[in-house]
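Okay, here's what each chain looks like letter by letter:
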Amino acid sequence: MTIFIIFLVILLLCIIYFINLFRPKPIPGVKIVDNCSWFLGHVPAFQRNQHRLHEYRCQLAMKAESQGDTCFQECFPFTSSSIDLLTPELIEFVLKTKFDSFEKGPFWHDKFHVFLRDGIFNIDGQQWKQQRKIASHMFTQRLLNEKMIQVFIEHGHRFIDLLHTIPEGEVFDLQQLFFRYTMDCICDIAFGLNLNTLTLSVPEAQEFVDAFDQANHLTTIRFIQTEFAWKLKRLLNVGSEKKLKVCMKIVDDFIYNIIRQRRNDDITTHAERGDLLTLFLVHGDKQLINNEFLHDVVLNFMFAGRDTTATGLSHLFYLVYHLYPNIEQKLINELHKTNSVYLDAVLYELCRLHPPVPFDLKVAMEDIYLPGNIFIPKSTRVTYTPYHYHRLKSVWGQDAEDFHPERWIDKENEEKLKTESQYKFIAFNAGPRLCLGKTMALLEMKTLASMLINEFHFELDESTKKFNNQMRLQTTCAFQYGLPMTVKKRKNK
Ligand code: HEM
């Protein structure tokens, strides 16, 4: 009996020890603005709100802002705590001033490795510097003006031809077409590859694209599960982790096929285009450039160049043809002018209020004090969330939540855009890891939008009931149920 009691006491102490070891560890001095369960932290709240995660976190941020806080805290078991930054000063400190003290780190790396492997999005330090240096050659002004614009127009004409085949009144998913368009453009520009997903003339490309989307989603849901849960599923190869493995096999096979084909090509046929694969083959360290390395380059640039821009275009058309119909005429009036400042302003405002990449994070690599004497221990996650940060009145003024493109136009010279600090407008990240494709993405959206708005009028189809503006749980904010539209040729065209 005594032995049994001793055993029970030891068992109890062990359980208490392990619960205490793995339960969330709040950071002293940083506010938690919502109910946080003692053991599961914010996991239950995140799970409950997963269909509206960005809005839910936005409520937290606004509550913290209204209490005069510059950041707030989110807690999770089995991992370090996380603080979300709400001021330009804090964001500049993390993304620039103390760049080397904050990395993507194991928290991000572990979750995304299965999908992005060792590509530019998922690495830090020397390895990142090296990839960034070579890749940046692809984004010169010359290549943008001479090559990229041609590719955007060429695929834009295919888009228009496709829309002409859709009977008036027939509902189709415009978002899906944007995803196909941006995939075709990035593959053409970065890999010299004509995938033609827009016309579906390469059937195996469709299987690849579906697996790619599914893998993106399945990787992202790791962020709302506990570390323990998704790692256990991975170990047992069940549920979402099993599906993820299947999708990645399809994705990887497809990409290795692209690389094999490129290695067989004569390098001089592509060298002139300055495409990304050529840049790595020509300028990269020969010992580094094996097929695995090229696989990661291809996958990361598809990821970077496709989903972000397609999501931006989808939100643009939702805004212009549904939420703010007065914008359409203003854009049409500007089409034949040499200056397209209004369209540029609409695109910036779109990226402010509907940022295609809604959320980002870094991990503190050492114990550090943030401005305001906020101490955060090593391994703390530091998040910055364009979706709610851009809606804060303390950062963007009283009309922060209004869609107001004019805020981007220079009051002194209405032909010019106003520039904002990188640390106030973070849709494209900021500091040394500022998005490499920012100018390309804006040009791509602008080119296709002008071509389509000039030719067609779209209407959102709400009869399908399925449409609401709920977002997919992915790294980008695409509409969960697509963008059902009807299209007709514009009068006077
Ligand atoms: C509207 C469209 C786009 C948005 C909103 C966007 C946004 C972003 C953001 C937020 C990051 C930082 C992500 C992180 O922390 O890992 C990023 C990085 C990056 N973006 Fe974009 N992006 C867009 C389009 C593009 C395009 C078209 C390309 C071209 C291929 C591109 C290439 C990259 C690359 C290479 C990086 C990694 C930079 C680095 O880590 O050094 N992006 N982008």
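Residues numbered from 1 in each chain as written. Predicted model: local features only at pLDDT ≥ 70, side-chain atom pairs only at ≥ 80, totals over all residues. Heavy atoms only, no water.

*Asks:* Could you clarify how one ought to interpret the site of the ligand in this entry?
*Replies:* Around the ligand, 25 residues are found, and the nearest of them are K104, W128, R132, D360 and C435. Here an oxygen atom of the ligand sits 2.7 Å away from a polar atom, N or O, in the side chain of W128. Within the side chain of D360, a nitrogen or oxygen atom sits 2.6 Å from an oxygen atom of the ligand. Going through the elements one at a time, α6 (125-136), α14 (291-323) and α19 (438-455) are the ones with two or more residues in the shell around the ligand. (Near = heavy atom within 4 Å. Polar contact = N/O pair within 3.5 Å; in protein donor to acceptor, adjacent residues only side chain to side chain. Helix = DSSP H or I, 4+ residues; strand = E, 2+ residues; numbered from the N terminus.)

*Asks:* Teacher, can you tell me more about the sheet that holds strand β5 (residues 360-364) here?
*Replies:* Strand pairing in a sheet takes place through backbone hydrogen bonds and is either antiparallel or parallel in direction. Taken in spatial order, the five strands line up as β1-β2-β8-β5-β3 in an open sheet, and their pairing is mixed. Of all strands in the sheet, those with a lone pairing partner are β1 (71-74) and β3 (102-103), marking the two edges. Both β5 and strand β8 (residues 381-384) contribute to a ladder of four bridges, which runs antiparallel. Opposite V363, over in β8, you have R381 as the bridge partner. Across the face of the sheet, helix α3 (residues 53-66) comes into contact with β1, β2 (82-85) and β8 while running at roughly 135° to β1. Helix-sheet contacts for helix α5 (residues 105-116) involve β3, β5 and β8, and the interaxial angle to β5 is about 130°. (Pairing = 2+ DSSP bridges. Contact = heavy atoms within 4.5 Å. Axes fitted to C-alpha atoms, helices over the stretch in contact; angles between N-to-C directions.)

*Asks:* What is the right way to read the nonpolar core from this model?
*Replies:* The tendency in soluble globular proteins is for nonpolar side chains to be buried as a group. Residues F159, F191, F317, L370, I376, L452 and F458 are the most contacted members of the largest nonpolar core, which totals 158 residues. For this core, the element with the most residues is α14, which contributes 16 residues. The residues contacting L370, other than those within four sequence positions of it, are I83, L85, L90, F93, V94, F102 and I376. (Core = buried A, V, L, I, M, F, W, Y, C linked by side-chain atoms within 4.5 Å. Buried < 20%, exposed > 50% of the residue type's maximum accessible area, 1.4 Å probe, protein only.)

*Asks:* I'm lost on the pairing of β5 in this one. Help?
*Replies:* Within β5, five of the five residues are buried, which leaves the element mostly enclosed by the surrounding structure. By the alternation rule, side chains of β5 split into D360, K362 and A364 and L361 and V363, which are all buried. Pairing of β3 with β5, which is carried by two bridges, proceeds in the antiparallel orientation. When the sheet's bridge partners are listed, F102 is paired in β5 with A364.

*Asks:* Would you explain the pattern of salt bridges in this entry?
*Replies:* Where side chains of opposite charge bring their charged atoms close, a pairing between them can arise. Using the criterion set out here, one finds 26 salt bridges in the structure. The partner of R57 in a salt bridge is D84, and the shortest N-O contact between them spans 3.1 Å. Of this pair, R57 sits in helix α3 while D84 sits in strand β2, and the two are 27 residues apart along the sequence. With respect to class, R57 is no different from D84; both count as buried. Linking R117 and D252 is a salt bridge whose minimum nitrogen-to-oxygen distance equals 2.7 Å. Pair noted here: R117 is in the loop between α5 and α6 and D252 is in helix α11 (residues 239-264), with a separation of 135 residues, a long-range link. Each of the salt bridges in this network shares a partner with another, and the network as a whole consists of D110, K111, E227 and K231. (Salt bridge = Lys/Arg side-chain N within 4 Å of Asp/Glu carboxyl O.)

*Asks:* When you look at the UniProt feature "binding site: heme" (unreviewed entry) in the protein chain in this model, what are you seeing that I'm missing?
*Replies:* The UniProt record annotates "binding site: heme" (unreviewed entry) at C435. Residue position: C435 is located in the loop between α18 (393-396) and α19. Given the relative accessible area of 30%, C435 is considered partly exposed. Those residues within four positions of C435 in sequence are excluded, and the remaining contacts are F428 and N429. (UniProt positions renumbered as here; feature names shortened; annotations may be inferred.)

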